[in-house]
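Here's the letter readout for the chains.
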Amino acid sequence: MAVPFIDIKRFEPGFLDQWNEKVKTMSANAQFIGGAEVSELESGLSQTTSAKYTVACANGTDALQIALRAVGVKRGDKVILPDSTFWATFESVVNVGADPYTVDTNSGDLQMDFDTFKEALDTVKPKAAMIVHLYGWGTSRIEEYRKLCKERNVPLIEDGAQCFGVLYNNESIYKDALISTTSFYPAKVLGAAGDGGAIFTNSEELSVIARRLANHGRTSHYEHGDIGWNSRLDSLQAAFLNLSLKHLGKRIESRKQAAEFYYKTLPGLGIEPIHPPKGYTENGYCNVTLVSPEERPKIEAVLKEKGIGFGNIYPGAMSDQPGAKPHLIQRFGKDQNARRISASVLNFPLFAYMTDAEKDEVISAIKEYKKR
Ligand SMILES: *Cc1c(COP(=O)(O)O)cnc(C)c1O
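Numbers given for residues are sequential positions, taken from 1 along each chain in its written order. Reporting of local features is limited, given that this is a predicted model, to residues whose pLDDT is at least 70; pairs of side-chain atoms are given and counted only at 80 or more, and all residues count toward the totals for whole chains, interfaces and linings. Neither water nor hydrogens contribute to the side-chain values; these are computed over all heavy atoms in the structure.

Operational definition: UniProt positions are given in the numbering used here, feature names are shortened, and annotations may be inferred rather than shown by experiment.
As recorded in an unreviewed UniProt entry, the protein chain goes by the name Pyridoxal phosphate-dependent aminotransferase, listed as coming from Leptospira kobayashii. UniProt lists a comment for the protein chain under the heading Sequence similarities (unreviewed entry), and it reads "Belongs to the DegT/DnrJ/EryC1 family."

### Some points on the overall build of the protein chain
So the rule is basically this: Numbering of helices and strands runs from the N terminus; a helix is a DSSP stretch of H or I covering at least four residues, while a strand is a stretch of E covering at least two. Within these notes, the globule rule equals 2.2 Å times the number of residues to the 0.38 power, and the radius of gyration is based on C-alpha atoms. With a 1.4 Å probe rolled over the protein chains alone, any residue whose accessible area is under 20% of its type maximum counts as buried; one over 50% counts as exposed, and the rest are partly exposed. It only takes one pair of heavy atoms within 4.5 Å for two residues to be counted as in contact. Residue-level accessible areas treat just the shown protein chains as cover; the underlying method is Shrake-Rupley with a 1.4 Å probe. All tallies of charge rest on Lys and Arg as positive and Asp and Glu as negative; His and the ends of each chain are not included. Taken as the charge centre is NZ of Lys, CZ of Arg, CG of Asp or CD of Glu, depending on the residue.
Each helix and strand in the protein chain was counted, giving 12 helices and 16 strands. Its C-alpha radius of gyration of 21 Å places the protein chain within 12% of the 21 Å reference for a compact globule of 372 residues. If you line up the protein chain on its principal axes, its C-alpha atoms span 70 × 55 × 35 Å. The 372 residues of the protein chain split such that 54% are buried. For the protein chain, long-range pairs separated by at least 24 residues make up 73% of all intrachain contacts whose partners lie at least 6 apart in sequence. Carbon together with sulfur atoms contributes 51% to the accessible area of the protein chain, which is approximately 16,100 Å² in total. Distance between charge centres in the protein chain, computed from 44 positive and 46 negative side chains, equals 1 Å.

### Focus on the sheet that holds strand 5 (residues 156–159)
To keep things clear, this is the line we draw: What makes two strands pair is DSSP finding at least two bridges between them. Angles shown run from 0 to 180 degrees and are taken between the N-to-C directions of axes, each axis being a line fitted to C-alpha atoms and, for helices, limited to the stretch in contact.
Pairing is mixed across the open sheet formed by 8 strands, whose spatial order is 1-9-8-5-4-2-3-15. Because the sheet does not close on itself, it has two edges, and the strands there are strand 1 (53–57) and strand 15 (330–332). The sheet shows a mean angle of 20° between the axes of neighbouring strands, direction not considered. Inspection of the sheet shows strand 2 (residues 78–82) paired to strand 4 (residues 128–132) by 2 bridges, in the parallel sense. Bridging across to strand 4, I80 finds its partner in A129.

### Observations regarding the site of the ligand
Spelled out, the test is: Summary of the distance rule: residues count as near a molecule or strand when at least one heavy atom falls within 4 Å of that molecule or strand. Within 3.5 Å is the distance limit for a polar contact, defined as a pair of N or O atoms, with the added protein rule that one can donate a hydrogen and the other accept it, and that residues adjacent in sequence qualify only through two side-chain atoms.
As a structural note, the neighbourhood of the ligand is formed by 14 residues, with G60, T61, D159, S183 and K188 the closest of them. At 3.0 Å, a side-chain N or O of Q162 approaches an oxygen atom of the ligand. With respect to the ligand, the side chain of S183 contributes an N or O atom lying 2.7 Å from an oxygen atom. The fraction of the free accessible surface of the ligand (380 Å²) that becomes covered by protein chains is 92%.

### So, helix 2 (residues 36–49)
The following threshold applies: By this rule the span expected of a helix is its residue count minus one, scaled by 1.5 Å.
Compared with the 20 Å implied by 1.5 Å per residue over 14 residues, the 20 Å span of helix 2 between its first and last C-alpha is a close match. Here helix 2 has its buried residues at E37, V38, L41, E42, G44, L45, S46 and T49. Residues of helix 2 that are buried in the fold lie against helix 1 (15–28), strand 1, strand 7 (171–172), strand 9 (197–201), helix 7 (204–213) and helix 8 (235–245). Just downstream of helix 2 lies S50, where phi reads positive at about 65°.

### Some details on the domain arrangement of the protein chain
Interfaces are often described in size by the accessible area the parts lose on coming together. The criterion, for reference: Annotation comment: domain bounds sourced from an automatic or database domain assignment. By definition, the buried area sums, over both parts, the 1.4 Å-probe accessible area that each loses when the two are put together. Whenever Lys or Arg places a side-chain nitrogen within 4 Å of a carboxyl oxygen from Asp or Glu, that contact is recorded as a salt bridge. The nonpolar class holds Ala, Val, Leu, Ile, Met, Phe, Trp, Tyr, Cys and Pro. Asp, Glu, Lys and Arg form the charged class, and all remaining residues, Gly among them, are polar.
Domain boundaries in the protein chain define domain 1 (15–245) and domain 2 (248–371). For domain 1 versus domain 2, the separation of C-alpha centres amounts to 24 Å. Counting residues at the interface gives 51 residues for domain 1, matched by 40 residues for domain 2. Looking only at domain 1, the three residues that lose the most surface to domain 2 are Y135, W137 and V189, adding up to 19% of its buried area. Taking the shortest distance from any N to any O, the salt bridge between R331 and D83 comes out at 3.9 Å. At the boundary of domain 1 and domain 2, one finds 20 residue pairs in polar contact (both at pLDDT 80 or more). For the side of domain 1 that touches domain 2, the secondary-structure elements that each account for two or more residues are helix 4 (87–95), strand 3 (99–103), helix 5 (114–124), strand 6 (167–168) and helix 8. Class assignment of the residues belonging to the side of domain 1 that touches domain 2 gives a composition of 26 nonpolar, 19 polar and 6 charged.

Okay, structure coming up:
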């Protein structure tokens, strides 16, 4: 039996009927931009994240650019960000005209390394800093990051594209962020029927700026207080997300069960899965293991042969991307952990409503590799 790396078609019974019904009525009413679905989504998201203000937008990359602009990042400003992330984080800095400085990864929790970050902060004195909560959890030192940035008066933007539903000390990870973002790309934990994103903040002022930027800098319909752009979330996406939010708890529960299954079974096969640090309740975004760079292609070959999907999240550091070269000013961290981890990381299939048979199939493929 083939097992995909991720399958986003496993909807709850009746879900697609409800969605089709929504599309029908909203289309008949030409309800395409803004309106009740978007407001309902924004308040639902504020409830789930415990952030006071939510601004929905077109995608997760725009959400980052809006957040950077909202905290005042302008052309020529310096921004610190992790070297291990999805490319969009790096891109967003360059797209707002700022200069990126990357910070190496901690080999324990695989998140940005706090001590290296501190060194970068002292050296660069940036206009803003970014942190990314990768893999469905976050850094063990999240409180220190927030405290340090506050002390230094450096706004910290938290890229939460992978941590929707993650809890830290039993509360939403987004709750105490100055400003954070997420993505509703269909493969994320809360996915839309296309692209979508959001900005979360507890600052009314930042929320007003973010909303203005996402809608042509509008202060009223024909008055523009800012150079923004069109990054509105459309109403159909909002409707799909409103339907999905009702099932979020069950989806995350199912993902976490799959994550647990790997924690129990992989060590017996000599593969060490990475656990979230203390204090975190993960959302089951993905499975993460580290294997030796020599072993990885051999395991992957057997998985391929057996039709088992896998991932390498991420196969390269940001500072090693060809597109980074003209922009990157400096990378911090002597250990090159980001580079080493990207040569070792292997992700096994994990998605909501993965069956027991599928989980067992992944394990038999790994056993088959061990036998050879
Ligand atoms: C998915 C993702 C993004 C980008 O989101 P889009 O909606 O695809 O633009 C940004 N950062 C991280 C860490 C992501 O995983």
